[in-house]
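Summary of the model geometry
Listed below, chain by chain, are the residues.
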Amino acid sequence: MPTLTIDGVAYPAEPQKNLLQVSLSHGLDLPYFCWHPALGSVGACRQCAVRQYRDENDSRGQIVMACMVPATPGTRIAIEDEEARLFRKSVIEWLMTNHPHDCPVCDEGGECHLQDMTVMTGHCTRRHRFPKRTFTNQYLGPFINHEMNRCIQCYRCVRFYRDYAGGRDLDAFASRNHVYFGRSEDGALENEFSGNLIEVCPTGVFTDRTLKNHYTRKWDLQSAPSICPHCSLGCNTLVGARYGGVRRVLNRYHHHINGYFLCDRGRFAYEFANLPIRLRHPVLPRPAAAKDGAGRPPTAAEAIAAIRTRLRRSRGLIGIGSPRASLESNYALRRLVGPDRYFSGLPQGESRLIAVALDILRDSPARSPSLREIAEADAVLVLGEDLTQTAPRMALAVRQSILQAPAARVAALNFPGWMAHAFQNAVQDDRGPLFIASVDATRLDDAATAVLHAPPADLARFGFAVAHAIDPEAPPVPDLDPETADLANRAAEALLAADRPLVLSGTSLHHEALLGAAANCGWALCRRGRPAGLGLVVPEANTFGAGLLGGRPLREAYELVESHQADTAVILENDLYRRSHGTDVDRFFDRLETTIVLDAVQTATTARADILLPAAPASESQGTFISQEGRAQRFFPVLPPTDPVAESWRWLGHLHPDEARALRSQEAMLIAIAAEFPFLAGAREAAPSATFRLNGAAVPRSSRRFSGRTAIHAHLSVHEPKPPEDSEAPLTFSMEGTTTAPPAALVTHYWAPGWNSVQALNKFQDEVGGPNRGGDPGIRLIEPRNVPRAYHNAIPPAFNSREGLCTLVPLHHSFGSEELSRLAPAIAKRTPPAAFSLSPADARERGLGEGDTLSIRIYGRPVRLPVRIHPQLPRGCVGFPAGWPDLAGIHLPTEGHFE
Amino acid sequence: MPVQETRLIFKHIDAAGYTNDLDCYLRHGGYEILRKAVQQKPEELCEEVMKSGVRGRGGAGFPCGMKWKFLDRKSGKPIYLICNADESEPGTFKDRQIIHKDPHQLIEGILISCYAIQAKTAFIYIRGEFPEGARILERAIEEARSKNLCGDNILGSGYSVEIFVHRGAGAYICGEETGLIESLEGKRPYPRIKPPFFPAVLGLYQCPTAVNNVETLCHVKHVIDMGGEEYAKIGTPGNSGTRILCVSGHVQKPGYYEFACGDLTLGQLIHDVCGGLRPGRSLKAVIPGGSSAKILRAGERYTGKLKDGSSFDWGLEDIPMDFDSLMAVGSMAGSGGVIVMDDSTDMVEALANINAFYAHESCGQCTPCREGSLWMKKITTRMSHGQARQEDVDLLGNVADQIAGRTICAFGEACSWPTQSFVLKFRDEFLNKARAQAGAASTNGNGAVPLI
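Scoring rules and cut-offs
- Counting restarts for each chain: residues are numbered from 1 in the order of the written sequence.
- Chain letters and ligand numbers both follow the written order, the letters beginning at A and the numbers at 1.
- Per-residue local features of the predicted model are confined to residues with pLDDT of at least 70, and side-chain atom pairs are confined, for both listing and counting, to 80 or more; whole-chain, interface and lining totals are unaffected and use all residues.
- Think of the side-chain values as coming from all heavy atoms in the structure, minus any hydrogens and water.
- To qualify as a helix, a DSSP run of H or I must reach at least 4 residues; to qualify as a strand, a run of E must reach at least 2; elements of each kind are numbered from the N terminus.
- Radius of gyration here uses only the C-alpha atoms, and the compact-globule reference equals 2.2 Å multiplied by the residue count raised to the power 0.38.
- Relative accessibility thresholds used throughout: buried, under 20% of the residue-type maximum; exposed, over 50%; partly exposed, between the two (1.4 Å probe, protein chains only).
- Pairs of residues are marked as contacts when any of their non-hydrogen atoms sit within 4.5 Å.
- Calculation of accessible area relied on Shrake-Rupley with a 1.4 Å probe; when residues are assessed, cover is drawn exclusively from the protein chains displayed.
- Charge counting treats Lys and Arg as positive and Asp and Glu as negative, with His and both chain ends excluded.
- Just so you know, the charge point we use is NZ for Lys, CZ for Arg, CG for Asp and CD for Glu.
- A pair of strands is treated as paired once DSSP finds two or more bridges between them.
- Axes, fitted as lines to C-alpha atoms, cover a helix only where it is in contact. Angles between the N-to-C directions of the axes lie from 0 to 180 degrees.
- Throughout, the term roughly parallel applies to angles under 35 degrees, roughly antiparallel to angles over 145, roughly perpendicular to angles from 65 to 115, and oblique to all others.
- Residues are grouped as follows: Ala, Val, Leu, Ile, Met, Phe, Trp, Tyr, Cys and Pro are nonpolar; Asp, Glu, Lys and Arg are charged; all remaining types, including Gly, are polar.
- Left-handed describes a crossing in which the near helix is turned anticlockwise from the far one by less than a right angle; the clockwise case is right-handed.
- Segmentation of the chain into domains, including their bounds, is taken from an automatic or database domain assignment.
- Buried area: the accessible area, evaluated with a 1.4 Å probe, that two parts lose upon being put together, summed over both parts.
- A pair is scored as a salt bridge if a Lys or Arg side-chain nitrogen falls within 4 Å of a carboxyl oxygen belonging to Asp or Glu.
- Counting of polar contacts relies on pairs of N or O atoms within 3.5 Å, with two restrictions inside protein: one atom must be capable of donating a hydrogen and the other of accepting it, and residues adjacent in sequence are counted only when both atoms are side-chain atoms.
- Pairing of aromatic side chains requires ring centres within 6.5 Å, counting the rings of Phe and Tyr and the six-membered ring of Trp. Pairs whose planes differ by under 30 degrees are stacked, by over 60 edge-to-face, and all others tilted.
- The term nonpolar core refers to a set of buried residues drawn from Ala, Val, Leu, Ile, Met, Phe, Trp, Tyr and Cys, joined through side-chain atoms within 4.5 Å.
- When we speak of the arc, we mean the arc of directions from the helix axis to the C-beta atoms.
- Residues qualify for a patch when their relative accessible area is over 30% and they have no salt bridge, like charges being joined within 9 Å and the nonpolar side chains of Val, Leu, Ile, Met, Phe, Trp and Tyr within 5 Å.
- By definition here, a helix of n residues has an expected span of 1.5 Å times n minus one.
- By definition, the crossover connecting two strands over a helix is right-handed if that path, from the first strand to the second, turns clockwise as seen with the strands pointing away from the viewer.

Okay, the overall build of chain B next. Secondary structure assignment for chain B yields 17 helices and 13 strands. Taking 22 Å as the expected radius of gyration for a compact globule of 452 residues, we find that chain B reaches 23 Å, a close match to that expectation. Its C-alpha atoms give chain B principal-axis dimensions of about 80 × 55 × 45 Å. In chain B, buried positions account for 61% of the 452 residues. Long-range contacts, defined here as pairs at least 24 residues apart, represent 70% of the contacts in chain B between residues at least 6 apart. When the accessible surface of chain B is summed, it comes to about 16,600 Å², and 52% of that surface belongs to carbon and sulfur atoms. Charge centroids of chain B, computed over 50 positive and 54 negative side chains, lie 3 Å from each other.

Next up on the list: the sheet that holds strand β23 (residues 594-599) of chain A. Residues and elements named next belong to chain A. Strand order in the open sheet formed by five strands is β16-β15-β22-β23-β24, and the pairing between neighbours is parallel. Lying at the two open borders of the sheet, with one neighbouring strand each, are β16 (342-343) and β24 (611-614). Relative to strand β22 (residues 568-572), strand β15 (residues 317-320) runs parallel, the two being bridged by four bridges. Residue Ile320 lies in a different strand from β22, and its bridge partner there is Ile571. Packing of helix α9 (residues 300-313) onto the sheet brings it into contact with β15, β22, β23 and β24, and relative to β24 it is tilted by some 140 degrees.

The peptide bond linking Asp643 of chain A to Pro644 of chain A adopts the cis configuration, its omega dihedral lying at 10 degrees. If you trace the backbone, Pro644 of chain A turns up in the loop between β26 (631-635) and α23 (648-655). Here Pro195 of chain B and Pro196 of chain B are connected by a cis peptide whose omega angle stands at 15 degrees. Here Pro196 of chain B is to be found in the loop between α8 (177-184) and β4 (209-213).

All names here are of chain B. The interhelical angle for the contact between helix α3 (residues 42-52) and helix α9 (residues 214-226), taken along N-to-C directions, is 100 degrees, at an axis separation of 9 Å. As far as their axial angle goes, α9 and α3 are roughly perpendicular. Across the interface between the two elements, Leu45, Glu48, Val49 and Ser52 of α3 pack against Val220, Val223 and Ile224 of α9. Looking at the contact of α3 with α9, its residues break down into five nonpolar, one polar and one charged.

Residues and elements named next belong to chain B. For the pair helix α6 (residues 103-117) and helix α7 (residues 131-146), the least separation of the axes is 9 Å and the interaxial angle reads 60 degrees. On the basis of the axis angle, α6 is oblique to α7. Judged by the sense of rotation from one axis to the other, the crossing of α6 with α7 is right-handed. In this structure, α6 uses Pro103, His104, Leu106 and Ile107 to contact α7, whose residues at the interface are Ile136, Leu137, Ala140, Ile141, Glu143 and Ala144. Partitioning the contact of α6 with α7 into residue classes produces eight nonpolar, one polar and one charged.

Here the focus is the domain arrangement of chain A. You can read the domains of chain A as domain 1 (3-96), domain 2 (286-316 + 327-347 + 545-686), domain 3 (368-400 + 431-531) and domain 4 (805-898). Computed over C-alpha atoms only, the centres of domain 1 of chain A and domain 2 of chain A are separated by 56 Å.

The next thing to look at is the interface of chain B and chain A. On the side of chain A, 45 residues touch chain B, which itself brings 43 residues to the contact. Of the roughly 3,700 Å² buried at the junction of chain B and chain A (both faces included), carbon and sulfur atoms supply 56%. At the surface where chain B touches chain A, the tally comes to one salt bridge. Where Arg406 of chain B meets Glu83 of chain A, a salt bridge forms, and the shortest distance between an N and an O atom there is 2.3 Å. Here chain B is connected to chain A by 21 residue pairs in polar contact (both at pLDDT 80 or more). If one sorts the elements of the side of chain B that touches chain A by residue count, helix α14 (residues 367-384) of chain B sits on top with 10 residues.

The subject of this paragraph is the sheet that holds strand β13 (residues 337-342) of chain B. Residues and elements named next belong to chain B. Taken together, five strands build an open sheet; the order of strands is β8-β7-β13-β9-β10 and the sheet is mixed. One side of each edge strand has no neighbouring strand; the edge strands of this open sheet are β8 (255-260) and β10 (296-297). Note that strand β9 (residues 283-287) and β10 share two bridges and pair antiparallel. Paired with Ala285 across the two strands is Arg297, which belongs to β10.

Here we come to the packing of aromatic side chains. In this structure the tally under the stated criterion is 35 aromatic pairs over all chains. Considering the side-chain rings of Tyr260 of chain A and Phe261 of chain A, the 6.3 Å spacing of their centres and the 50 degrees angle between planes classify their relative orientation as tilted. Overall, Tyr260 of chain A belongs to the buried group, its relative accessible area being 13%. Judged by centre distance (5.1 Å) and plane angle (80 degrees), the ring pair of Tyr115 of chain B and Tyr159 of chain B falls under edge-to-face. On the criterion of sequence distance, the pair formed by Tyr115 of chain B in helix α6 and Tyr159 of chain B in the loop between α7 and β3 (162-167) is long-range, its members being 44 residues apart.

Moving on, we get to the nonpolar core. Core analysis: the largest hydrophobic core is formed by 144 residues, its most contacted members being Phe160, Phe181 and Phe206 of chain A together with Phe422 and Phe430 of chain B. In terms of residue count, helix α2 (residues 82-98) of chain A provides more of this core than any other element does, seven residues in total. Core analysis: the second largest hydrophobic core is formed by 101 residues, Ala488, Leu509, Trp649 and Leu680 of chain A among them.

Time to look at helix α21 (residues 554-562) of chain A. Residue and element names in this part refer to chain A. Among all positions of α21, only Leu554, Ala557, Tyr558, Leu560 and Val561 are buried. Viewed end-on, α21 has its buried residues packed into an arc of 160 degrees, placing them on one side of the element. Positive phi appears at His564, one or two residues downstream of α21, with a value of about 60 degrees.

Here we take up a nonpolar patch on the surface. All names here are of chain B. Nonpolar side chains collect at one region of the surface, where Phe62, Met66 and Phe70 lie side by side and expose about 270 Å² of accessible area between them. Among the secondary structure elements, Phe62 is positioned in the loop between α3 and α4 (64-69). Among the residues examined, Phe62 registers a relative accessible area of 37% and is labelled partly exposed.

This part is about helix α18 (residues 482-497) of chain A. Residues and elements named next belong to chain A. With 16 residues, α18 should cover 22 Å at 1.5 Å per step; its first-to-last C-alpha distance of 22 Å lies within 8% of that length. Burial in α18 covers these residues: Thr484, Leu487, Ala488, Ala491, Ala492, Ala494 and Leu495. Summarising the axial view, the buried residues of α18 lie within an arc of 165 degrees, below the 170-degree limit, and thus occupy one face. Set apart from the buried face of α18 by more than 90 degrees, the exposed residues are Pro482, Glu493 and Ala497. Against the buried residues of α18 lie β17 (379-383), β18 (434-438), β19 (450-453), α17 (456-470), β20 (501-506) and α19 (512-527).

All names here are of chain A. Burial along β15 is two-sided: Leu317 and Gly319 facing one way and Ile318 and Ile320 facing the other are all buried. Relative to β16, β15 runs parallel, the two being bridged by two bridges. Each bridged residue has a counterpart across the sheet, and for Ile320 the counterpart in β16 is Phe343. This β-α-β element, β15 to helix α10 (residues 327-337) to β16, shows right-handed connectivity.

Here it is as structure tokens:
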């Protein structure tokens, strides 16, 4: 085996990697700043200096930067070389000449990579007796706090923001010792991934502004592994909490999904769980409540007793599930009401869309790709989905895919791709194929080879045309205009020529034909022998999980109540006013005898509840989500349940009238699910079970330096309380537990001796930048199967705009379309006001300008909103803000009448 | 015997009646060599340049013929020529004279060089502070184009070439060839890390690129005129051709002078050519090749062996002004900026001045130079303001020692060599100053700056 030598010890050579990466992977402590596993090497900070020798006879060697030298066989370096050590110390000394000595009061203190590296190099004496350089800080919006004085000019921020995430409004300004990282003027950072600057910055220049509102040191945070509940991708997160509230969300590395980065929605939406609209106590009907003492809220037992009474009296019970509730909660509801009386909680149209999407992905020859596979695809077709708004992290993955084809071409230049500047220079403007077909302009258009902006039906026709161009057996599209046909041929050619072609679509336009078109493209590629990926974005965190449990559409629930076959409904974490038209929902509630609602926050639906049960939000729950990839993943509560708040499945388990059939634990729930739905059996393996122990101990949620255990509760009692037990998870609500790094599904902190910052993640990976040690969490429930599938052939006719009518298309927004995240104050600040989006042609015809009020009649009801002109929007389509309460409950597709 | 100037480049410059327009240039035989050159095979021209041994006049003294030989001609990509007119090294003012007073000589040199390396496009990257020079070059190019000396099918040879003038925005680092290329590509002028890319293989827009100094390109014209072997006879072996020396500082007649390389010693330059020092003054030190070159102290003895094996034993004034000799005494010929200092010079002040320049011009890409140059500047400023501290002398040396050789580009050396050499060679002076000031500081409270 070819080897290289580090400090006299032989290691296997890895010529595709650099010496820094290899050294860190072997657990050697070599300080660094500017290098990042996802961003590559630029050799700017000069911190990872080592001495390199030409061969065994070379005793002089020379100082090199480990991050810039490939780990080729025969390489000999010394990290412990005295001169290199002194130089590394000097680099820290230089950085410290201007770095403020405010660690004790700095937001980053205690999880600062600069702090760690300073200690690692041993620099401790100040020789620079001069005033320090100061900068003016900027207002960068509600997410990020800016403190430029702390900057050590490692350039990671701009490299992530501009080069990786495609942002334009953060840049390096000025030169020499005054290099400034910021915007040209104050203002919110526009890019949807700005929050990653918090983790990318090795010190406290970019810090979490939301954390600042309720600041807590890293070591004082109780943390738990969670799954982001704000879109269908299932990004892994680390939720941190203290004083009974969530404090922040950090990225939890998943090699195949989110890697090192989250989107801003996922990172900053947590705040909704701390709001006063959180439900903390059951609410019972007035007569029951009246029995209580002066204003004491009912207890859980009282609530359960009251519900049981109602259930016994009921002449018909129905349950309405939810795609944002966990698999367990939906199942518990289904078990409580019975399969025939369990409703998915989605309107007919959406129910059908999800069923179609699931049908396409199960038994599909094309693989449902992970985000990593998307980033590694070398030709991508996006059909109808504005990914940045509906599944932001996927857009970031797609943005990386366009570098795959150029990377293959650059490989001929014989230098490794991690040499980031050289790579950029070699690639210049060369981009791999990315075809985007969407209704309106998307935030990925700048990265696209070609874009098509057309009404949903024409997008589907384009997709079918691509499939036909790939495989002539796929149905042809009649009357296709030559321009679209030409684009379809180009897209087909690019996909066919690729090694890893990929088709992405989704349900956000509520247009079934788009799914069929995307499926045809994926299957056509497979038939032509290409290993195609086919990814479908769905609306919510557990849309697939809920969808796989079946459940009838919402309309049938309304009919059941209308026909007096049911008088009691249990509604699980679902605001029906977002699903159906208001008058329909009102009528439904009016007809119900008893409405029992479980939810974490107040909604229009909870306002109609007779009995309200406080459900725990995902950050405080244990459960399983099934992502759009088809991966079952477990999340764990960061806080112990504060009675009476509990996970919905726990409430529902208690409500079951038959004690023998009641399920009291999550484990029992998963076993029952597996028995009833064999294809969901894998969900049980998504994470180690409650009995899992490492060296005989569970995994602690608190760090070993957790402080104030007594003080936190001192206003109640000065005795330290016994830590709450967690019977459901192999995690403790204390600092006691195993000191060994747990499996990735149970990681609560990234910490290793000497590594207090997020960079401690290095110690949790097989190799730096590689998979998590012991494998990445989650179980893929949907795998490709080489079964013959018949092509979809429901090709819609071409779009035809009709006088006085418009097709309403939902325009999604990363900050505003998702139900829970839009409640978070920071996100709300980035949410644009509701508006109708018009094409310039439609606006001209109606004499409307930006900001004018437009009235459109939808279901006979006029909706008045200001006008925004979208230059790329096709004529005859009017965009409305999807997920805004102003237009909630519109069933799509639908048309509106201009008034 | 006073040495005679050998004026090749400056043959006409400053001659009575010589103007910088095309007509004047043509009257003096201009573009005849280009006419001759385009009749020859490009490889022959390259061969002549190789034979001439002409070395780059921008600072590093790399042989021009070698640089061209490294050009990747197999890739099929276009080859670019960049004329580096970002003359910004303190003490150097030769390229400006060429551009202002004889721009067509440069244009002809560029055209010949382009033809030799078969470049179809040349860029003159001119320093932002030379607006007049840029205008002159623009006009000269237009004039040349009007006479079909530049543009399509020049002189009916079938060879086409375009020259563009690109103005920098005023940053010293743009003179570093890869920084220059980045700047030309429209980016921040951050020098590239070598390896993997060398401009000769992957330079401007990832194409093979030759980056040559203004004076070097003018020399090419004369190489082709005289023939490589003939040209090589000027100067000393390995240091062929003439060299423009820009003398500034404490001499009676500062200015630019052109000599055959190694034809004269530093002493001759100061005393015979530049009229000696001011009356009553004695020589203290000389920076021989632009402000980044290591300083030479009067009274030093230099002994050692030259490349050819001969040993030498020189005083400061015996050093021949050529590349190899200056390198042998531990400094460099650099860009030809000779800065002479007499005994009235406060070396701390002199270093403070140099350090202020480099601290201001660091591009800010890598840590040692960005932070170290500023720190050195702060220390020397403090010393020149009478607030030196005991430890300053060692600290200066210590900071400088960690910079050289550990940065992305040669700016690290450029900013640390002055400090290293000043502190080494004038240690006594620095120490005395530090002691005196630190002593005073302890009584006036300056020493109480807390270590925060």
